[in-house]
Amino acid sequence: MSHPLTGMPALWMPPDLTIITRWIPSHIVAKDEYGNTLGVGPLYLKSHSYGEFVFDHSWADAYYSFGSIYYPKLQCCVPFTPVTGPRILVRNTLFKDQVFDIIVSALKDLTAKVLS
């Protein structure tokens, strides 16, 4: 998948921007045995809530007040945009539901690893 205007990969973020923003790309990509992309979950590892259009600082404060941790967090989104719509993109195939389920399972597994 590529951006229609720039031709750059759709989930690509310049390295300098990654360093400055501390949004670490951690995308989930499902491919078939031939390397064709079947689905993507755009995912970023973050240690803050800046650059989001729904700020969750009060959630982080509530977690900390009860002795829990809120960061790091994984965020499935399009960075720096208030765009709405599906976040898990799946190619329209006969087995798209299975691909979706696999991506969701991978998201859960990665979240468990980040929090442990």
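Residues numbered from 1 in each chain as written. Predicted model: local features only at pLDDT ≥ 70, side-chain atom pairs only at ≥ 80, totals over all residues. Heavy atoms only, no water.

Turning to the overall build of the protein, a few remarks are in order. Secondary structure summary: the protein contains 3 helices and 6 strands in total. If you list the helices and strands of the protein from N to C, you get α-β-β-β-β-α-β-β-α. Considering the protein as a whole, with its 116 residues, one finds that 25% of them fall into the buried category. (Helix = DSSP H or I, 4+ residues; strand = E, 2+ residues; numbered from the N terminus. Buried < 20%, exposed > 50% of the residue type's maximum accessible area, 1.4 Å probe, protein only.)

Turning our eyes to something else, we now look at the sheet that holds strand β3 (residues 37-41). One open sheet holds the 3 strands; their spatial order is β2-β3-β6, and the pairing between them is antiparallel. Strands with a single pairing partner mark the edges of an open sheet, and in this sheet they are β2 (28-31) and β6 (89-90). Along the sheet, helix α3 (residues 96-115) contacts β2, β3 and β6; its crossing angle with β2, the most-contacted strand, is approximately 145 degrees. (Pairing = 2+ DSSP bridges. Contact = heavy atoms within 4.5 Å. Axes fitted to C-alpha atoms, helices over the stretch in contact; angles between N-to-C directions.)

With respect to topology, 3 strands assemble into an open sheet ordered β1-β4-β5, the strand pairing being antiparallel. With one partner strand each, in any of the chains shown, β1 (24-25) and β5 (73-76) form the two edges of the open sheet.

Moving on, we get to the nonpolar core. In terms of nonpolar packing, the biggest core is built from 8 residues, these being Ile28, Ala30, Leu38, Leu43, Ile88, Val99, Ile103 and Leu107. Among the elements of the structure, β2 and α3 are those that each provide at least two residues to this core. Broken down by element, the residue count for this core peaks at 3 residues, all from α3. Discounting residues that sit within four places of it in the chain, Ile88 has contacts with Val40, Phe100, Ile103, Val104 and Leu107. (Core = buried A, V, L, I, M, F, W, Y, C linked by side-chain atoms within 4.5 Å.)

Glancing now at the packing of aromatic side chains. For the coordinates displayed, the defined rule picks out 2 aromatic pairs. Aromatic pair Tyr63 and Tyr70: ring centres 4.9 Å apart, planes at 65 degrees, arrangement edge-to-face. By relative accessible area, which is 17% here, Tyr70 ends up buried. Ring centres 5.1 Å apart and planes at 90 degrees place the aromatic pair Tyr70 and Tyr71 in the edge-to-face group. According to the relative accessible area criterion, Tyr71 is buried, its value standing at 16%. An aromatic cluster of three or more residues is present, and its members are Tyr63, Tyr70 and Tyr71. (Phe/Tyr/Trp six-rings, centres within 6.5 Å; stacked < 30°, edge-to-face > 60°.)

Per-residue confidence for the protein averages 79 on the pLDDT scale, and 78% of its residues sit at or above 70. Overall, residues 1-8 carries pLDDT values under 50, and its contacts beyond four positions in sequence, including any with other chains, amount to 11 contacts. (pLDDT = per-residue confidence, 0-100.)

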